[in-house]
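Listed below, chain by chain, are the residues.
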Amino acid sequence: MGLHIGKKASGILIISIVLVGIALAIAKVSADTAAGLGKPMDPNVAAALGQLAEAERSQGFSPGLGLAESTLYEKAGDLGAAVLAAFKEVFYAYSYGYLEKKAVEERLSAVARTYPGNKAVEAAVEASRALLRLDGGAGLKSLSSLQIASYEIDSFPRWMERLFILESSDAAQKRNRATVLEEYRATRSRYANQPLYWLVIARHTEGQYSSDAAERVISLAPRGPYALQGRELLAASIGLPKGDASSLMSRMEIENIIQEAASSGKVEQLAQLFPLLSLRDNPYTLYALGACRGLAESPAVKSFFLKAAKEHSGLFSSRLGERLRYIAGGKI
């Protein structure tokens, strides 16, 4: 799936949100399940969990995997892991902008109310809340109650643990961060389509590593909750002020706008690129400029840019006006 999950799976993601409420309203543990707490996991359940993990490693997360994982952990009597797996499903929907943070918080509160006094559920809920806030200290404290060392090295709880270490303000964690960052990056095959995975890398690396990761945040979920932070980091990496970040676009965004305008014939959609074309010289503005120039071979597109150039030729928009004229066949 890679960077294209936002386009390929958006419809499925919306459908999965309807199902997520079922997963997060995990039924009361039956007497049989409760009696099984502390016993070795059923080999069939363990095998099924292993298959789900391999599916994520080979294809990345797909809607429904978290729900299936949650159900298996519930059968095993591990409610803490069941809640985290269900939260993973919700968190992907949130990360792509299909759920508001308030809605996620309400569902977590509903889970906590369902299991008053259950320490594992409480810890899982608090860890989930900490992930929403990117609160490393609170997240590590919550996970410490869940014995997550027993889970696979790239499982969601272990991924959360590394993220929390990297985001923690605790000076004691600084010694571990270089090693943890390498371990975190090694989970790429399983989390490459999670925008937050890339945001954390962008925040904790420098140079090309940081800018590439920041661009991936934007391309994966341009309307998600982490996109603006990605744009700000990308702007900083190419020398643009923070105030210009909201106008910055990734190459994939630029290509999507141009392809949609070309295929639909709705050339007015190209106006979405005007804020980007207004910025001072940078790789992304120049990329959009070249792409639009090629598209302007079409008479309809050329006419659109000529008209727009006249409308944006005033003192305060001269840079945009010059670039629009250039696209239409003139010179800057």
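Residues numbered from 1 in each chain as written. Predicted model: local features only at pLDDT ≥ 70, side-chain atom pairs only at ≥ 80, totals over all residues. Heavy atoms only, no water.

**Quick word on the overall build of the chain**
Item 1. Per the secondary structure count, the chain includes 20 helices and 0 strands.
Item 2. Buried residues in the chain amount to 47% of all 332 residues.
Item 3. Of all intrachain contacts in the chain linking residues separated by at least 6 positions in sequence, the fraction that spans at least 24 positions is 63%.
Item 4. As displayed, the chain has an accessible area near 15800 Å², and 53% of this comes from carbon and sulfur atoms. (Helix = DSSP H or I, 4+ residues; strand = E, 2+ residues; numbered from the N terminus. Buried < 20%, exposed > 50% of the residue type's maximum accessible area, 1.4 Å probe, protein only. Contact = heavy atoms within 4.5 Å. Areas by Shrake-Rupley, 256 points an atom, 1.4 Å probe, with all protein chains shown as cover.)

**Observations regarding the side chain of S168**
Item 1. Note that S168 resides in the loop between α10 (156-167) and α11 (177-185).
Item 2. When its relative accessible area of 6% is taken as the criterion, S168 is described as buried.
Item 3. Ignoring anything within four residues of it in the chain, the contact list for S168 reads G136, G137, L140, Q173 and R177.

**Comments concerning the packing of helix α8 (residues 119-133) against α10**
Item 1. Where α8 meets α10, the closest approach of the two axes is 11 Å, and the angle between their N-to-C directions is 50°. As the angle between them shows, α8 and α10 are arranged oblique. Our pair here, α8 against α10, has a crossing hand that is left-handed. From α8, A127, S128, A130 and L131 reach across to α10, where they touch F156, W159, M160, L163 and F164.
Item 2. When the residues that make up the contact of α8 with α10 are grouped by side-chain class, the tally is 8 nonpolar, 1 polar and no charged. (Axes fitted to C-alpha atoms, helices over the stretch in contact; angles between N-to-C directions. Parallel < 35°, antiparallel > 145°, perpendicular 65-115°, else oblique. Left-handed = near helix turned anticlockwise from the far one by under 90°. Nonpolar A, V, L, I, M, F, W, Y, C, P; charged D, E, K, R; others polar.)

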